[in-house]
Amino acid sequence: MELRQLRYFIGASEAGSLLKASGKLHVAQPALSHQIAALESELGAQLFDRSSRGITLTEAGKVFLEHAKVVLADLDRARSAVRECDTVPRGDVAIGFPTTVALTATMPILSACRTQLPEVRLKIIEAYSGFLREWLQSGRLDLALMYGDEPEAGLFKRPLLDDKLVLVSGMSTGRMPRKLLLSSLADRPLVLPGRDHGLRRIIDEACAPLNLQLNVVAEIESLGSVKRAAEAGIGETILPLGSVAEEVAAGRLRTAVIDSPAMSRRVVCATNTARPDTLAKSAVGVLVHDVLRQMVHSGAWPARWIGNSSSRVERRGP
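Residues numbered from 1 in each chain as written. Predicted model: local features only at pLDDT ≥ 70, side-chain atom pairs only at ≥ 80, totals over all residues. Heavy atoms only, no water.

**Quick notes on the layout of surface pockets**
Reasoning step 1: The calculated volume of the largest pocket comes to roughly 660 Å³.
Reasoning step 2: Of all the secondary-structure elements, those providing two or more residues to the lining of the largest pocket are helix 4 (59-83), strand 3 (91-97), strand 4 (120-126) and helix 10 (279-298).
Reasoning step 3: For the lining of the largest pocket, the residue count by class is eight nonpolar, four polar and eleven charged.
Reasoning step 4: The calculated volume of the second largest pocket comes to roughly 350 Å³.
Reasoning step 5: What lines the second largest pocket is a set of 16 residues, among which Tyr-147, Gly-148, Glu-150, Ile-202 and Glu-205 lie closest to the centre.
Reasoning step 6: Put simply, the parts of the chain that give the lining of the second largest pocket at least two residues each are helix 6 (129-138), helix 7 (198-207) and strand 12 (264-272). (1 Å grid on protein atoms, 1.4 Å probe; cavity = no way out; pocket = protein on both sides within 12 Å on 5 of 7 lines; lining within 4 Å. Points joined across faces, edges and corners; volume = space filled by probe spheres on them. Helix = DSSP H or I, 4+ residues; strand = E, 2+ residues; numbered from the N terminus. Nonpolar A, V, L, I, M, F, W, Y, C, P; charged D, E, K, R; others polar.)

**Overview of the packing of helix 2 (residues 18-25) against helix 3 (residues 29-43)**
Reasoning step 1: It is the contact of helix 2 with helix 3, at a shortest axis distance of 9 Å, that shows an interaxial angle of 105°. Classed by the angle they form, the pair helix 2 and helix 3 counts as roughly perpendicular. Contact residues: helix 2 offers Leu-18, Leu-19, Ala-21, Ser-22 and Leu-25, while helix 3 offers Gln-29, Leu-32, Ser-33 and Ile-36.
Reasoning step 2: Tallied by class, the residues present in the contact of helix 2 with helix 3 amount to six nonpolar, three polar and no charged. (Axes fitted to C-alpha atoms, helices over the stretch in contact; angles between N-to-C directions. Parallel < 35°, antiparallel > 145°, perpendicular 65-115°, else oblique. Contact = heavy atoms within 4.5 Å.)

**Examining the nonpolar core**
Reasoning step 1: Counting residues in each nonpolar core, the largest one holds 30 residues, and the members touching the most others are Ile-109, Leu-145 and Leu-292.
Reasoning step 2: Once residues lying within four places of it in the same chain are set aside, the contact partners of Leu-145 are Gly-96, Phe-97, Pro-98, Val-101, Leu-132, Leu-160, Val-267, Val-268, Cys-269, Val-288 and Leu-292.
Reasoning step 3: If you look at the next biggest cluster of nonpolar residues, it comprises 27 residues, including Ala-230, Leu-239, Val-244 and Ile-258. (Core = buried A, V, L, I, M, F, W, Y, C linked by side-chain atoms within 4.5 Å. Buried < 20%, exposed > 50% of the residue type's maximum accessible area, 1.4 Å probe, protein only.)

**What to know about the confidence of the model for the chain**
Reasoning step 1: Residues with a pLDDT of 70 or more make up 95% of the chain, whose mean pLDDT is 89.
Reasoning step 2: Of the regions scoring below 50 in pLDDT, residues 313-318 engages in 17 contacts with residues more than four places distant in sequence or in other chains. (pLDDT = per-residue confidence, 0-100.)

**Looking at the pairing of strand 11 (residues 253-259)**
Reasoning step 1: Pairing of strand 6 (residues 155-170) with strand 11, which is carried by five bridges, proceeds in the antiparallel orientation. Within strand 11, the position partnered with Val-168 by the bridge is Thr-255.
Reasoning step 2: Examined bridge by bridge, strand 7 (residues 179-181) and strand 11 share three bridges and lie parallel to one another. Looking across to strand 11, one finds that Lys-179 is bridged to Val-257. (Pairing = 2+ DSSP bridges.)

**Examining the packing of aromatic side chains**
Reasoning step 1: Under the counting rule described, the total for this entry stands at four aromatic pairs.
Reasoning step 2: Measuring from centroid to centroid gives 5.4 Å for Phe-9 and Phe-48, while their planes differ by 50°, and the two rings are tilted. Of this pair, Phe-9 sits in helix 1 (residues 3-15) while Phe-48 sits in strand 1 (residues 48-51), and the two are 39 residues apart along the sequence.
Reasoning step 3: Overall, the relative accessible area of 1% leaves Phe-48 in the buried class.
Reasoning step 4: Ring centres 5.7 Å apart and planes at 20° place the aromatic pair Phe-131 and Trp-135 in the stacked group. On the criterion of helical spacing, the pair formed by Phe-131 and Trp-135 is a turn pair, its members being four residues apart in helix 6.
Reasoning step 5: The class of Phe-131 is partly exposed, set by a relative accessible area of 42%.
Reasoning step 6: Relative accessible area serves as the criterion here: at 17%, Trp-135 is assigned to the buried category.
Reasoning step 7: Among the aromatic side chains, those forming a connected cluster through ring pairs are Phe-9, Phe-48 and Phe-64.
Reasoning step 8: The ring centre of Trp-135 lies 4.7 Å from the NZ or CZ of Arg-140, which sits over that ring. (Phe/Tyr/Trp six-rings, centres within 6.5 Å; stacked < 30°, edge-to-face > 60°. Lys NZ or Arg CZ within 6 Å of the ring centre and 35° of its normal.)

Here it is in structure tokens:
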């Protein structure tokens, strides 16, 4: 198997036809067809369904595409590692954020990276924690901010902060106390994400010891839609305080502290211990640590800092 075959295969899958791919890849169509056919023969599987309208990936092709991308990404990382011998961090670094973290942290981290690491190009991916974990383990991500510091095989998690969850309400609802008991949530109509969402699991686990049944009037997966529903008075919600800071400052939403230590989530920076480090990846890890620490200490991220005072990133591996 040759690297050019992987590039041809990825190019063809993105183009949707061999004719378009041949133009983008600057290779004759017969040669492109021959290389893909040779690849299919070596794998013992058909990678494309071919028709007069073009080509589409088979199930085997979809599986192989993910692996092909990782192989080429690893090659790029290897090249970057060799170039980094001059001690200047450079190259691509892929980092994943859960949605509520992305809302608070993306711009400060991106801005700091452009200023402090000008030769590093960040690729920021926003997704559910489950997807981030899968992509970190497969090599599509270099780092990921995730929830929970429970040990997981193959991952090193560096605890950073504890993010307090608060009750969020629109301005048109009744009187809002500054603090309320967890048990009082049962009397309030709530708009929450579905049960598979990481935030919802934290909420349900906090309520379980009290056998507390919440009055969930709607389940919405979009953070923006959840906040708009609360603002419209459809129901209240439960979110990290930092994710509604803008709306609270503008007088569109208000919050109340939930008197329960279980109503919080631990944010960690996770890396794959089986993947090689690069200077750029390590530098971004240090930068993320320092930016979030500064945000917590300045009040820009209303949370409790639990990370190290030093920005040195400890590598844990096999």
